[in-house]
Amino acid sequence: MSRSNSATAPRHVDEIAVLQENVVRCDAAETHVAHVQHGASEPDASGRAVFVPASRVGAATIRRAALFAALYRSDSRRETYETKHVNYVALFTGQGSQFAGMGRELHEHAQQARATLEAADRILPGLLELCFEGPEEELVRTENTQPCVLAVDVAAYRAFGHTPAIAAGHSLGEYAALVAAGGLGLEDALPLVVARAKAMQAAVPEGTGGMVALLRMSEEEARRAAAEVKSGVCELANLNAPGQYVMSGEIAAMHELVERFGRRQAVLLPVSVPFHSSMLSDAAADFAQRLKAVELRDAAFPVVSNFDAQPRSGAEDLRSALERQFAASVLWQPSIEYLLGAGHRDFIEFGPKPVLTKMVDQIAKAADVAVNAKSVTRADDLEGART
């Protein structure tokens with residue numbers, strides 16, 4: 001990946017501050033976004049504005065410009081939001097939130113959760129025992145983790161009992177979001193995510209793939225790190241939150257990242273599948289055939305897709321999004337930025353344990369937006385989430 005010569009390049013400035021100031025001053029915010037998409041102005045050493053081409057601006061900067069433009073356009077909407085109740089955003093947790101005992105408390109104390117979990121156990125016998133008892137070594141197997149987490153996600157949502165304005169789910173959580181929205185039946189979703197998990201696990205030989213979480217670096221730095229890896233496939237798989245990006249690819253490439261950045265900044269994750277990478281492309285094509293046999297319906301409310309951070313509600317659009325999600329990056333940070341730009345401020349996460357609310361708080365803080373992010377993982381959470 002080519003780099004500009006730092007000796008002659010204009011001095012870098014605080015992109016967020018400049019973009020926010022420009023958007024607020026701009027009569028038409030869209031004009032500013034279009035300008036950033038083609039390039040941007042930065043001051044040189046003497047303070048004169050110098051045009052910088054889009055190739056130097058970076059995807060994250062363009063996305064932040066769009067977010068600030070959306071926030072600018074929704075000023076009046078935000079005032080209304082603070083004085084009138086508006087439906088919340090439902091968030092659904094993905095793989096990694098599982099633990100032995102998950103869902104047990106909801107099952108014991110929330111009738112709708114109990115009905116959902118017992119229905120899930122009839123669809124996949126043994127699911128409840130795995131959720132409640134483990135053992136951990138069985139629960140962490142991908143083909144077990146995915147249906148168990150999905151069942152608890154949906155159980156927590158149904159126990160809450162309030163329809164959101166819009167929803168989003170992290171990777172596997174997108175399937176739970178579709179079940180909540182009525183686009184996918186639980187009886188279809190559970191076997192489907194088992195098939196998804198097995199297809200992912202079988203896509204690469206054991207021990208050849210992996211994932212690394214890169215911490216305390218910008219999105220541009222993470223992308224540059226991926227491009228500079230020499231020992232195999234290395235791709236940005238998850239854009240989770242500012243300073244939290246996950247790489248996926250060949251195991252040698254993952255070890256190269258750990259060696260380069262150290263174990264405190266590059267954390268090798270305990271997975272053997274290079275999730276959301278091009279190494280799963282062939283398996284994605286096979287899974288798409290399985291997905292075609294599943295009935296999808298129009299969703300009762302939009303679901304923001306992982307692969308492009310855009311909302312969908314039509315059945316075939318949702319099917320296409322699930323196909324593309326299989327091997328594509330999870331654009332979680334852009335998804336939350338889209339929701340913030342659309343004026344949403346109330347978020348409730350459903351799942352085994354809180355994961356996504358922390359990311360929402362980080363993303364909102366970076367955008368200088370106040371949000372109300374709660375989670376429902378136990379029956380005790382239900383009343384607090386409703387207030």
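Residues numbered from 1 in each chain as written. Predicted model: local features only at pLDDT ≥ 70, side-chain atom pairs only at ≥ 80, totals over all residues. Heavy atoms only, no water.

Applying the stated rule across the entire model yields seven aromatic pairs. Summarising the aromatic geometry, the rings of Y157 and F350 are spaced 5.5 Å apart at their centres and angled 90 degrees between planes, so their arrangement reads as edge-to-face. Note that Y157 is positioned in helix α10 (residues 142-160) and F350 in strand β11 (residues 346-350), a separation of 193 residues in sequence. The structure contains a cluster of three or more aromatic residues connected by ring pairs, namely Y88, F92, Y157, F160 and F350. (Phe/Tyr/Trp six-rings, centres within 6.5 Å; stacked < 30°, edge-to-face > 60°. Helix = DSSP H or I, 4+ residues; strand = E, 2+ residues; numbered from the N terminus.)

Attention now goes to the confidence of the model for the chain. With 78% of its residues at a pLDDT of 70 or more, the chain has an overall mean of 83. Between residues 41-55, whose pLDDT stays under 50, and residues either more than four places distant or in other chains, the model counts 36 contacts. The model gives residues 72-86 a pLDDT under 50, and that stretch makes 19 contacts with residues more than four places away or in other chains. (pLDDT = per-residue confidence, 0-100. Contact = heavy atoms within 4.5 Å.)

Another point: helix α17 (residues 332-341). With nine of 10 residues buried, α17 lies mostly within the body of the structure. For α17, the set of buried residues is W332, Q333, P334, S335, I336, E337, L339, L340 and G341. Positive phi appears at G343, one or two residues downstream of α17, with a value of about 100 degrees. (Buried < 20%, exposed > 50% of the residue type's maximum accessible area, 1.4 Å probe, protein only.)

Let's shift gears to the sheet that holds strand β12 (residues 372-376). If you trace the six strands from one edge of the open sheet to the other, you get β10-β9-β4-β3-β11-β12, paired in mixed fashion. In this open sheet, the two strands that pair with only one neighbour each are β10 (311-312) and β12. Of the pairings in the sheet, the one linking strand β3 (residues 89-92) to β11 comprises four bridges and is parallel in character. Bridged to V89 within β11 is F347. Of the strands in this sheet, β3, β4 (166-169) and β9 (303-304) touch helix α11 (residues 173-180), which is tilted by about 150 degrees from β4. Across the sheet, helix α18 (residues 356-366) touches β3, β11 and β12, and the angle it forms with β12 is around 175 degrees. (Pairing = 2+ DSSP bridges. Axes fitted to C-alpha atoms, helices over the stretch in contact; angles between N-to-C directions.)

Attention shifts here to the pairing of strand β6 (residues 234-241). For β6, the buried fraction is high: seven of the eight residues fall into the buried class. Here β6 runs beside strand β7 (residues 244-250); their pairing, made up of six bridges, is antiparallel. Its bridge partner lying in β7, L236 is registered against M247. Counted between consecutive antiparallel strands, the loop separating β6 from β7 contains two residues, among which G243 sits at a positive phi close to 80 degrees.

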